[in-house]
Protein chains: 2
Amino acid sequence: MKQIESIKEFGGLLNRYEHSSAVCHCTMTFSVYLPPKAETEKVPAVYWLSGLTCTDDNVRTKAGAQRYAAELGIALIMPDTSPRGDEVADESERYDLGKGAGFYVNATQAPWAAHYQMYDYVTRELPALVEAVLPLVPGLKSITGHSMGGHGALVCALKETGAYRSVSAFSPICHPSVCGWGEGCFSTYLGSDRETWKAYDATELVKAGAAEIPLLIDQGTNDEFLAEQLYPQDLQTACEARGFPLTLRRQEGYDHSYHFIATFIGEHLAYHAKALSD
Amino acid sequence: MKQIESIKEFGGLLNRYEHSSAVCHCTMTFSVYLPPKAETEKVPAVYWLSGLTCTDDNVRTKAGAQRYAAELGIALIMPDTSPRGDEVADESERYDLGKGAGFYVNATQAPWAAHYQMYDYVTRELPALVEAVLPLVPGLKSITGHSMGGHGALVCALKETGAYRSVSAFSPICHPSVCGWGEGCFSTYLGSDRETWKAYDATELVKAGAAEIPLLIDQGTNDEFLAEQLYPQDLQTACEARGFPLTLRRQEGYDHSYHFIATFIGEHLAYHAKALSD
């Protein structure tokens, strides 16, 4: 793990690292914001999973999250959205498949399976790596994200029982098995057997009996992808059917952009900070 | 003036407009953030002048300013950094001359003078335009900016006595007549007579007896352009020589990026909001 950039912000440090990933079999880049508090003690971490087309740079530049992380004394861990490099399979004509669109699954189909192991990367390899060398409290972490990354955050928290103190999401893809983005990636990375898709689908995981963890979701009502891709109503129905704790806030007039995220990221980080301090 | 985009953020509206500029003789694009308070009453405005290579989009995406503007009840007016369009003279190989590098001067040299009238644009045409149609208190405005835009903000406030309630700048080009960026643009837009450059040089304006207005400047000590381009020490010397009010804060460890701006924009906007409410 090699530090390739360090920028002072809100009294803390916004660092960027690259490392050779054992699960993705390529060089991966990620960013970490360390709050001022991390100079003197270990801090908890909130993982941010980004959406389609993003790298680690979008959230650190656009979300305004570092201000709150500095105030709350939490680190932000910001991974990339897919494996990278010339040797990594891609669909270069598409923004919603291949590089930038790892969908936080472990691919089983050739040629994708060789590198697209993003689920293991964000839930196992990356936490072990950063906890070993950065001033983080081992195992004390929460997770959030946006769109494809909101899907990723929900799925990680629903599958990894006890691993995350709290989870939230901005405009997540709630039922990827039935939307265009999800069908495209799942059929490519996981194959044509739709049963295998359910392991990475928040709505299906709730239906199948995932252990309870409260879900906090913000969804803009003017989101241009709401009707075709996100399906929060399916997740809501699945949660209501079994009394699964869901707070789904429909935010009037907000769209899918980082301006929406910026508006509510402070509330999400405060929510996670509280869970991480309990 | 035609609205081409509107995004809800922090309860207010981030709008983008285009209009036919009478002084720049081309279509100009700018952004405005209207805080929630502007729904029911007129609000004061803070103008943000951006740096080299920027459009109106950089600050609205990266600075985190809208959160504070919403809380403080002030509008943000974010113009472009130069005239635009196929008919506008340019040096397409250079980032520091031509489009994206208007330097907030009224050019006198051909072919630049036909469109590069950014000083009149930001001090006269744009304020008259937005005050006529948006919920702004006429004439109640302050100004700030970054790098080339910090230079612009200082020069506008030093030349337009009484027009701005307050002025501040992030890592401004304080003495453009003696740095590479300034010499390149001034010699191109204004010609070889260095006397004419002094009308757009904050250090020279202070020396020449500009009316007093307190200058607030934040400058990162790790700024990669500090030694070669910014010369805050020259402005400081000029201010000290005549007792001109300058608060120059050297911020330890910060660089030239929007992460630096994001860290201190809240303090700057609070400073302007106070001046605008006195």
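Model, not experiment: these values are computed from the prediction.

### Overview of the packing of aromatic side chains
Each aromatic ring pair is described using two quantities: the centre-to-centre distance and the angle formed by the ring planes.
Residue and element names in this part refer to chain A.
Thought 1: The tally for this structure, following the rule as stated, stands at 28 aromatic pairs over all chains.
Thought 2: For the pair Phe186 and Trp197, a centre-to-centre distance of 5.8 Å together with 65 degrees between the ring planes defines the contact as edge-to-face. Note that Phe186 is positioned in helix H5 (residues 180-189) and Trp197 in helix H6 (residues 194-197), a separation of eleven residues in sequence. Here Phe186 matches Trp197 in class, with each residue buried.
Thought 3: An aromatic cluster is present here, built from Trp48, Phe170, Tyr254, Tyr258, Phe260 and Phe264 joined pairwise through their rings.

### Observations regarding the pairing of strand E4 (residues 43-49) of chain A
All names here are of chain A.
Thought 1: Within E4, seven of the seven residues are buried, which leaves the element mostly enclosed by the surrounding structure.
Thought 2: Note: E4 against strand E6 (residues 136-145), six bridges, orientation parallel. Looking at E6, one finds that Ala45 is bridged to Lys141.
Thought 3: Here E4 pairs with strand E5 (residues 75-79) via three bridges, running parallel. Note on E5: the bridge partner recorded for Ala45 is Ala75.

### Overview of the interface of chain A and chain B
Think of interface size as the accessible area that goes away when the parts come together; that is how it is often given.
Thought 1: The interface is formed by 20 residues belonging to chain A together with 20 residues belonging to chain B.
Thought 2: Between chain A and chain B, roughly 1,800 Å² of surface is buried when both sides are summed, and carbon and sulfur atoms account for 53% of that area.
Thought 3: Considering only the side of chain A, the residues that lose the most area to chain B are Lys8, Arg67 and His259 of chain A, jointly responsible for 35% of the buried surface there.
Thought 4: Across the chain A-chain B interface, the total number found is zero salt bridges.
Thought 5: Put simply, chain A and chain B have ten residue pairs in polar contact (both at pLDDT 80 or more) between them.
Thought 6: Secondary-structure elements contributing two or more residues to the side of chain A that touches chain B are strand E1 (2-9), helix H1 (57-62), helix H2 (65-72) and helix H10 (258-277) of chain A.
Thought 7: A breakdown of the residues in the side of chain A that touches chain B according to their chemical character gives six nonpolar, seven polar and seven charged.

### Here's the deal with helix H4 (residues 148-159) of chain A
Residue and element names in this part refer to chain A.
Thought 1: With twelve residues, H4 ought to run about 16 Å at 1.5 Å a step, and its terminal C-alpha atoms sit 16 Å apart, in line with that.
Thought 2: Here H4 lies mainly inside the structure; eleven of its twelve residues are buried.
Thought 3: For H4, the full list of buried residues reads Met148, Gly149, Gly150, His151, Gly152, Ala153, Leu154, Val155, Cys156, Ala157 and Leu158.

### Some words on H5 of chain A
All names here are of chain A.
Thought 1: Burial within H5 is extensive, with seven of its ten residues counted as buried.
Thought 2: Those residues of H5 that sit buried are Trp181, Gly182, Gly184, Cys185, Phe186, Thr188 and Tyr189.
Thought 3: Of the surrounding elements, those touching the buried residues of H5 are H4, H6 and helix H8 (226-230).
Thought 4: Of the residues flanking the end of H5, it is Gly191, one or two places downstream, whose phi is positive at about 100 degrees.

Each value, and the rule that gives it
Residues numbered from 1 in each chain as written. Chains lettered and ligands numbered in written order. Predicted model: local features only at pLDDT ≥ 70, side-chain atom pairs only at ≥ 80, totals over all residues. Heavy atoms only, no water. Phe/Tyr/Trp six-rings, centres within 6.5 Å; stacked < 30°, edge-to-face > 60°. Helix = DSSP H or I, 4+ residues; strand = E, 2+ residues; numbered from the N terminus. Buried < 20%, exposed > 50% of the residue type's maximum accessible area, 1.4 Å probe, protein only. Pairing = 2+ DSSP bridges. Contact = heavy atoms within 4.5 Å. Buried area = accessible area lost by both parts, 1.4 Å probe. Salt bridge = Lys/Arg side-chain N within 4 Å of Asp/Glu carboxyl O. Polar contact = N/O pair within 3.5 Å; in protein donor to acceptor, adjacent residues only side chain to side chain. Nonpolar A, V, L, I, M, F, W, Y, C, P; charged D, E, K, R; others polar. Expected span 1.5 Å × (residues − 1).

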